[in-house]
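Take a look at the letters that make up each chain.
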Amino acid sequence: MFLLYEYDIFWAFLIISSVIPILAFLISGLLAPIRKGPEKLSSYESGIEPMGDAWLQFRIRYYMFALVFVVFDVETVFLYPWAMSFDVLGVSVFIEALIFVLILIVGLVYAWRKGALEWS
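Residues take numbers from 1 onward in each chain, read along the sequence in its written order. Reporting in this predicted model follows two pLDDT cut-offs: at least 70 for local features of residues, and 80 or more for side-chain atom pairs to be given and counted; totals over whole chains, interfaces and linings ignore these cut-offs and use all residues. Working from all heavy atoms in the structure, the side-chain values ignore hydrogens and water.

Draft legend 1. Fine view of the overall build of the protein chain. Of the regular secondary structure elements, the protein chain holds five helices and zero strands. The numbering of helices and of strands both runs from the N terminus, where a helix is a DSSP run of H or I of at least 4 residues and a strand a run of E of at least 2. The order of α-helices and β-strands along the protein chain, N terminus first, is α-α-α-α-α. Of all 120 residues assigned to the protein chain, the portion counted as buried reaches 7%. Whether two residues are in contact is decided by their heavy atoms, any of which lying within 4.5 Å being enough. Relative to all contacts within the protein chain whose residues are 6 or more apart in sequence, the contacts with residues 24 or more apart total 56%. The method behind every accessible area is Shrake-Rupley, applied with a 1.4 Å probe, and residues are considered shielded solely by the protein chains displayed. Of the accessible surface of the protein chain, which amounts to about 11,300 Å², a share of 73% is contributed by carbon and sulfur atoms. For each residue, the accessible area found with a 1.4 Å probe, counting protein chains only, is set against the maximum for its type, and the residue is called buried under 20%, exposed over 50%, and partly exposed in between.

Draft legend 2. Representation of the UniProt feature "transmembrane region" (unreviewed entry) in the protein chain in the model. As annotated by UniProt and renumbered to match this structure, "transmembrane region" (unreviewed entry) occupies residues 12–34, 62–83 and 89–112. In the segment residues 12–34, helix accounts for 87% and strand for 0%; the C-alpha atoms at its two ends are 35 Å apart. Helix makes up 100% of residues 62–83 and strand makes up 0%, while its end C-alpha atoms are separated by 31 Å. UniProt positions are given in the numbering used here, feature names are shortened, and annotations may be inferred rather than shown by experiment.

Draft legend 3. Looking closely at the packing of aromatic side chains. To pair, rings of Phe, Tyr and Trp, with the six-membered ring standing in for Trp, must have centres within 6.5 Å; the planes then decide the type, stacked if under 30 degrees apart, edge-to-face if over 60, and tilted in the middle. Under the definition given, this model contains three aromatic pairs. Ring centres 5.0 Å apart and planes at 70° place the aromatic pair Phe10 and Trp11 in the edge-to-face group. Its relative accessible area of 47% is what places Trp11 among the partly exposed residues.

Draft legend 4. Seen up close, the environment of Gly107. With respect to the element layout, Gly107 can be found in helix α5 (residues 91–114). Sequence separation between Gly107 and Val68 is 39 residues, and the spatial gap between their C-alpha atoms is 9.4 Å.

Draft legend 5. Region of interest: the environment of Trp112. Its location among the elements puts Trp112 in helix α5. Apart from the residues lying within four places of it in its own chain, the contact partners of Trp112 are Leu117 and Glu118.

Draft legend 6. Seen up close, the confidence of the model for the protein chain. Looking at the protein chain as a whole, its pLDDT mean stands at 82, while 88% of the residues score no less than 70. Confidence of the predictor in every single residue is expressed as pLDDT, which spans 0 to 100. Across the protein chain, helix α1 (residues 8–31) holds the top mean pLDDT of 93, while helix α2 (residues 38–41) sits lowest at 73.

Draft legend 7. Representation of the packing of helix α3 (residues 60–84) against α5. Axis definition: a line fitted to C-alpha atoms, limited for helices to the stretch in contact. Angles are taken between N-to-C directions and run from 0 to 180 degrees. Direction vectors running N to C along α3 and α5 enclose 170°, while the axes themselves pass 12 Å from each other. The angle between α3 and α5 places the two elements in the roughly antiparallel class. Seen from α3, the contacting residues are Val71, Phe72, Glu75, Phe78, Leu79 and Trp82; seen from α5, they are Val93, Phe94, Ala97, Phe100, Val101, Leu104 and Leu108. Under the grouping applied here, Gly and all other residues not named as nonpolar or charged are polar, the nonpolar ones being Ala, Val, Leu, Ile, Met, Phe, Trp, Tyr, Cys and Pro and the charged ones Asp, Glu, Lys and Arg. Within the contact of α3 with α5, the residues separate by chemical class into twelve nonpolar, no polar and one charged. Our angle categories are set so that under 35 degrees counts as roughly parallel, over 145 as roughly antiparallel, 65 to 115 as roughly perpendicular, and the remainder as oblique.

Draft legend 8. Spotlight on α5. Over its 24 residues, α5 runs 35 Å from end to end, which matches the ideal 34 Å to within 8%, given 1.5 Å per residue. Restricting attention to buried positions, one finds in α5 the residues Ala97, Leu104 and Ala111. Where α5 is buried, its residues contact α3. Remark: Gly115 follows α5 within two positions and exhibits a positive phi of approximately 85°. The span expected for a helix works out to 1.5 Å for each residue beyond the first.

Right under this line is the structure:
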């Protein structure tokens with residue numbers, strides 16, 4: 001039998017976690033001073049008068065490094081719970097995690113051979 005009262009704490013948490021950011025934005029919007037002027041609209045560069053155009057194009061290498069970092073950061077997020085409960089999960093889960101790590105290693109080797117990890 002499906003009982004809805006078992007999920008009361010979930011709905012309370014969902015409502016509270018949705019209301020807090022909304023309230024924070026509303027309160028900051030009401031209390032923040034609204035002053036527009038040339039100083040407010042200028043870009044800030046560490047107290048130095050801005051020179052040139054603010055639009056710069058970054059090299060694709062920065063994005064490639066960030067992407068590789070995010071992939072391996074997410075890998076550790078997925079592997080941490082597995083490592084904490086390794087003794088109760090068994091051999092089948094170990095093989096699944098090994099396949100997961102091997103797929104990521106293949107991706108790393110591919111990125112390495114393509115030169116995505118070369119800085120210069």
